[in-house]
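What the coordinates show
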Amino acid sequence: MIPSRFARLLKNFRLAAGLTQEELAARARVSTRGLQDLERGMRRRPRRATLELLAEALGLSPDDTTAFLAAAHARSAPAGAAHLAALLPLSPVNAPTPLVGREAELGVLRRFLRDGSEKGSGPPVLFLAGEPGIGKTRLLHALAAEAMAGGWRVLAGGCQRRGGQEPYAPLVEALAHYIRTMPPERRRMDLAGCAWLTRLLPVLAERFNEPDTLPWQPDQERRLIYAAVERLLVNVAGPAGTLLILDDVQWAGPDALDLVNTLARKPALPLRIVGAYRDTEMRPADPLGMLVADLAHAGLIRRQPLGPLANDDAARLLDDLLADWSEEERTTADRALERAGGVPFFLVSYAQSISAGDLESVPWDLVQGVRQRVALLPEAARQVLDAAAIGGRRVPRTLLAATVAQAGESVLAGLEAACRSRLLIEDGNDGYQFTHDVIREVVEADMGAAKRAALHHSLAEALERLPTGVPAEQLAHHFARGDEPDKAVHYLEQAGDHAWSQRAAGAAESRYRETLDQLQTLGRMAEAARLREKLGGILGAMGRYNDAMRMLTPALGWYQAAGDMESLGRVSLAIAEGHAQRGTPEDGIAHLRSLLGHLERIGSFSVIPALHLTVGALLITTGRYAEALVAVNHAAELARAGGDDRTLARAASNRANLLQLLGQLEEALQAGQDVLPLLEAVGDYLGLLSTLRDLAYIHALRGDFAAGRRSIDHAVAVGEQLANPASLSLTLAVRGWLSVLDGDWTAAHADLDRAPALSREVDRSWYSAYSLILLGRLSLAEGNLPAAAAVVQEAIELSERSGDLQALRWAAVTMATIDILEGRPLVAHDRLIPLLDRPSLEECDVTMFLPILAWAYLELGRLALAADTVEQALARARPENMRLAMVEALRVRAMIALRRERWEDAASSLEEGIALARAMPYPYAEARLLHLEGLLHVGMADSARARKRWEEAQAIFLRLGARRDLERLEDAVASVPA
């Protein structure tokens, strides 16, 4: 009968081609009934000619045709060892080795693939775990063969213990190998939309235009690279999907594992990932241990341990490996079985020794076995093995020849002897690999330090001479271990640059730190200072502000000692940005003012305008708005005189923000709109983001929520591109707050739940407080006062440390409201009074909280003071059209009038307030005003009109989810007779 996997494969290929059974039968010139029986597995195997007709009718590629034909013959391997070796760059396996005793594990792998192809259910990742030599790679080869026969497109790659591998190995190897073997007719289709792959595979650059059309930030570029990988995996998918096989992932770096994590969390991808790792070399705190734990927590991974073979299976494997046993061989084999402990690689090693006639000295463990086999080789072969061990996973013959001390015929003879001993195997036309990594490790460990260093040096020089490009990571690795520190440093930095160009932040940091250590050891302090700047910039971009400042600070001393004032100023700006982000602005101001005084005394430097501007920005954070305006204006004058357009544009942006803080909304709005094109022209996208966010806030204060929405959506789009977690967190929080105002509380939750999570991904910054405050405002509106108080109290602690006056005022408004609702008006009063205007100022944030202060006075029974405060709020808000403050002030003024039983005054305030709320529209404020209007009608003995207003308010509260307001409204309804 037809193998079931062939029947499934035929059906999958037909569906992928978009053909019905009747259409395929007609194209292949077979009967429809016959084709139906084939798909049901109810016929005998068709003739080869029939299979070839079906493959042609389906339009299969050569690889798919090979798998299709192989699947029809169950007794044949789904893909031959040579075919697999060409398709899969995994660790080499001894091709004739049978797969024995792994039926249960292979069944798990088959079910894993079946879940992916038929149901798309279950975890998308499966990892095989076991000790070296236990048979993980052999099982991966078996899985790959079955997967190809089952309609999967298989991409495979492996890692190596040695340094010098790509940051994204083994994924880069899997992608590169597939692209090299990609049929020409599929190339255009498979690479469609994958331009960002050029960052991982520069060989593709000739196929694509440079993708850098925008000034993307590092995290965004990383996401674009990941998206290109995802697109390729979708493009190349077979009828069943794409299977990504990754061997030896215990040696993968954090960036590669981050990409695996990202792929695993894409449920729409037609992808299954199978990996193998040595659990003897993995600790929970290692990158792989963290990945496995994270995926396990999310239910995205299955771990399949691989243990030694059972005694019967081990005996069967050895029996399969050895033919025509002699009595002497059987005695030796029995000893081998006892000593091998069921490890397949040990058994294979013993079988090779027994087959070679080495009966008396069969090693009792693998290491001794490897050593003995190596010792029996001629000198030329041992030299070749030493050079190959230094070279890594795969070494070209030309490099071996260049590395071995005695080249020429002796190298060829040595290669022949090493291959005859099955210690090395040929890989392609000119490459060689060890048959197992353990052999390479033993060979390398047995070399003396001097010889290892000499071989590393020879190999590095040979690599450097190659006409084709060699990854800097490899050159750095070999020169470092070849006692050539100057060249090692050169290539280490290049390796860091390469990793950062791929946004492999972990690898870039590691390479740069190693470079820095080497430079300091060599006493090259000028270069070390430059490296500190580079690494500090990366740490800052990753949101690790404290680490960035620790990295940058020593560079200050070196530049000052060297008299390099421009560099001193440049690093000072970066450190001041760190102070701003982590909430220590006063330290930043003191440092910059001291530096400015020094620079301005000794000369004119191009960095001075930017330093003044940064002082102004730090002063804004501390609430010293008048001083900040002076600093910002001075920076603008200097920048204009020096032709520094970037600083000039950022100064204009900061000035617009200051005008808003000082309550001059009309002027701030105009200034912000004017500066947008300037910021875009100079490419200051962080300034653009900040200004768009400020404009959204101004529009919201003025009750123009539609305009605010347009600005904040634009800001979020820019923020997603910049991928600065702290800034994006604040931007999302402002958008969430706008959603609270315009009544879309579901959307508000999406943004306000994400915003604090984003800010927690990095070191705490001054941005962090705002996302917590605005989340607290949503919780307050919903009536969850304990949750609101908890997050806002956390924000207050952050703001007090940074001295951020605006954040303290925003937090105080929310906490004072909670105090009043919980019957503590005096506490609310005491919170707000210290935050009132400074002399000669009428600040925007104070205008916004004056109605809450008036409400506190009302609940304290100080009605005259409450009335004076609310009128002050209205007098300040009306000229600037601050409708958000006006509607709250009118609500409190109506409450005061109701308390005084001045029905007409209350009615007038409520009428104006409701009209304003509906015009914005601001449904939560409208419902609260309607609630008060109901109380007004109760006071005027008109219960019917009261109930009508309350029904309107109730509908709004229900839709929004304002639970506490709804309960208070229901209590009011219950208190009025029907």
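Use the structure listed above.
Residues numbered from 1 in each chain as written. Predicted model: local features only at pLDDT ≥ 70, side-chain atom pairs only at ≥ 80, totals over all residues. Heavy atoms only, no water.

1. Notes on the overall build of the protein
Applied cut-off: Numbering goes from the N terminus for both helices and strands, where a helix is a DSSP run of H or I of at least four residues and a strand is a run of E of at least two. Partly exposed describes any residue whose relative accessible area lies between the buried limit of under 20% and the exposed limit of over 50%, with all areas from a 1.4 Å probe on protein chains only and scaled to the type maximum. The criterion used for residue contact is that any of the two residues' heavy atoms lie within 4.5 Å. Each accessible area is a Shrake-Rupley result for a 1.4 Å probe, and residues are judged covered by the shown protein chains and nothing else.
Scanning the protein for helices and strands turns up 48 helices and eight strands. Out of the 978 residues belonging to the protein, those deemed buried represent 56%. Considering only residue pairs separated by 6 or more positions, the protein has 67% of its internal contacts joining residues 24 or more positions apart. Of the roughly 40,000 Å² of accessible surface on the protein, a fraction of 51% belongs to carbon and sulfur atoms.

2. A look at the pattern of salt bridges
The following threshold applies: For this analysis, a salt bridge means a side-chain nitrogen from Lys or Arg found within 4 Å of a carboxyl oxygen belonging to Asp or Glu.
Counted by the stated rule, this structure contains 52 salt bridges. Salt-bridge contacts for Arg110 lead to Glu146; the nearest nitrogen and oxygen are separated by 2.6 Å. With Arg110 in helix 7 (residues 103-119) and Glu146 in helix 8 (residues 136-149), this pair connects stretches of sequence that are 36 residues apart. Across the salt bridge formed by Glu952 and Arg918, the nearest N and O atoms sit 3.4 Å from each other. Here Glu952, found in helix 47 (residues 943-960), pairs with Arg918, found in helix 45 (residues 903-919); they are 34 residues apart in sequence, far enough to count as distant. A residue is classified by how much of its surface remains accessible, and Glu952, at 27% relative accessible area, is partly exposed.

3. Describing unusual backbone geometry
Excluding glycine, most residues fall at negative phi; most peptide bonds, likewise, are trans. Cis geometry marks the peptide bond from Ala169 to Pro170, where omega comes out at 10°. Position of Pro170 relative to the elements: it lies in the loop between strand 2 (152-158) and helix 9 (171-181). Note the cis peptide between Met920 and Pro921, where omega equals -10°. Checked against the element boundaries, Pro921 lands in the loop between helix 45 and helix 46 (923-939). Its identity is not glycine, yet Asp483 carries a phi of approximately 60°, on the positive side. Within the secondary structure, Asp483 is located in the loop between helix 23 (472-481) and helix 24 (485-501). Positive phi outside glycine occurs at Ala941, with the angle close to 65°.

4. Concerning the sheet that holds strand 1 (residues 125-130)
Note the threshold: Note on pairing: two strands pair once DSSP finds at least 2 bridges between them. Here the axes come from fitting lines to C-alpha atoms, over the contacting stretch only for helices, and the angles between their N-to-C directions go from 0 to 180 degrees.
With parallel pairing, the five strands of this open sheet are ordered in space as 2-3-4-1-5. If you trace the sheet from one side to the other, it starts and ends with strand 2 and strand 5 (301-305), each paired once. Across the sheet, the mean angle from the axis of one strand to that of its neighbour is 15°, orientation sign disregarded. Here strand 1 runs beside strand 4 (residues 271-278); their pairing, made up of six bridges, is parallel. Bridging across to strand 4, Gly130 finds its partner in Arg278. In this fold helix 8 packs onto strand 1, strand 2, strand 3 (241-247) and strand 4, with an angle of close to 165° to the strand it touches most, strand 3.

5. Looking at the pairing of strand 1
Among the six residues that make up strand 1, six are buried, leaving the element largely enclosed by the rest of the structure. Taking every second residue as pointing to the same face, both faces of strand 1 are buried, with Val125, Phe127 and Ala129 on one and Leu126, Leu128 and Gly130 on the other. Examined bridge by bridge, strand 1 and strand 5 share five bridges and lie parallel to one another. Bridge assignment links Val125 to a residue of strand 5, and that residue is Ile301.

6. A short note on the sheet that holds strand 6 (residues 395-396)
The strands that make up a sheet pair up through hydrogen bonds in the backbone, lying either parallel or antiparallel. Spatially, three strands are ordered 6-8-7 in an open sheet, and the strand pairing comes out antiparallel. Looking at strand neighbours, the two that pair on one side only are strand 6 and strand 7 (424-427), the edges of this open sheet. Bridge analysis of strand 7 against strand 8 (residues 431-434) gives four bridges, and the strand direction is antiparallel. The residue bridging Leu424 from the neighbouring strand is Phe434, located in strand 8.

7. Points about helix 9
Given 3.6 residues per turn, any residue in an α-helix points the same way as the ones three and four places further on. Among the eleven residues of helix 9, eight are classified as buried, and the element is accordingly described as predominantly covered. Among all positions of helix 9, only Leu171, Val172, Ala174, Leu175, Ala176, His177, Tyr178 and Ile179 are buried.

8. A word on the pairing of strand 8
Across the two faces of strand 8 the burial is the same, with Gly431 and Gln433 and Tyr432 and Phe434 all buried. Of the pairings in the sheet, the one linking strand 6 to strand 8 comprises two bridges and is antiparallel in character. Within the sheet, the bridge partner assigned to Pro396 lies in strand 8 and is Gly431. Between strand 7 and strand 8, which pair antiparallel and follow one another directly, the connecting turn spans three residues, one of which, Gly428, has a positive phi of 80°.

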